[in-house]
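Coordinates in review
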Amino acid sequence: PFLVKEEKLLVLALESEDTKQITTAIKAVLKSCVLTKGIKIESLPTFDIEYLFLNIRGKSVGEQLDVNIICPDDEKTSVKVMIDLDDIKIIKNENHSNQIQLDKNLMMELKYPSLDEFIKNNFDFKDENAMEQSFKLIASCIDKIYTDEEVWVTADCTKKEVTDFLESMNSSQFKKIEEFFTTMPKLSHTIKVKNPNTKVESEVVLEGLASFFG
């Protein structure tokens, strides 16, 4: 059986709802699957980790997923739809950029959310304010801040310095950063679903790992 030991470890960790145990189990599963030398699991972007997880599940229980979809036309009828794992891809947006022009002289370079953020988004059971979560996510993804004369690497800055910088930004600048997250590569699949009650057919876009386990 595929990854029996690692899967049992992950199941036990999820049942415990202990974030540290979950982190350890997820790393064990991913490291057992990535055989290419030089790839660090911790540095993979979330969309690559989601794609790996989805395919690990496929190897474990089958190449198809049964997903419960709420029909958009009445927003209440649930329909079970079968999806082939091979049809689920990482979709890239041509307009996406990791360089944000904050003003005429100030630029920001962002990096993608990593394994820690993947775990927080999918397996963290702590209740936390949504605004606070977003703020922490942005702070963790800032790689560099620079002007024509100077460059600040956030790895060399304190958390307070990064937080103070974010708090000094205006709403227009935050909107530019938000665009980075909304346009970054993501696990995505579009399906058609027919409401058995109204006979209305709709298109539904599934995005992110959680969408494929509904």
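Computed from a predicted model, the values in this text were never measured in an experiment.

When helices and strands are counted, the protein chain shows seven helices and nine strands. Counting the 214 residues in the protein chain, one finds 36% classified as buried. If you sum the accessible surface of the protein chain, you get close to 13500 Å²; carbon and sulfur atoms cover 50% of it.

Glancing now at unusual backbone geometry. Even without glycine at this site, E75 takes up a positive phi of about 60 degrees. Inspection of the secondary structure assignment puts E75 in the loop between β1 (64-70) and β2 (78-84). Note on E75: relative accessible area 66%, which makes it exposed. Of note in the backbone geometry, K199 takes a positive phi value of approximately 65 degrees without being a glycine. Within the fold, K199 resides in the loop between β8 (186-194) and β9 (201-207). Overall, K199 belongs to the exposed group, its relative accessible area being 55%.

Rules and cut-offs
Residues numbered from 1 in each chain as written. Predicted model: local features only at pLDDT ≥ 70, side-chain atom pairs only at ≥ 80, totals over all residues. Heavy atoms only, no water. Helix = DSSP H or I, 4+ residues; strand = E, 2+ residues; numbered from the N terminus. Buried < 20%, exposed > 50% of the residue type's maximum accessible area, 1.4 Å probe, protein only. Areas by Shrake-Rupley, 256 points an atom, 1.4 Å probe, with all protein chains shown as cover.

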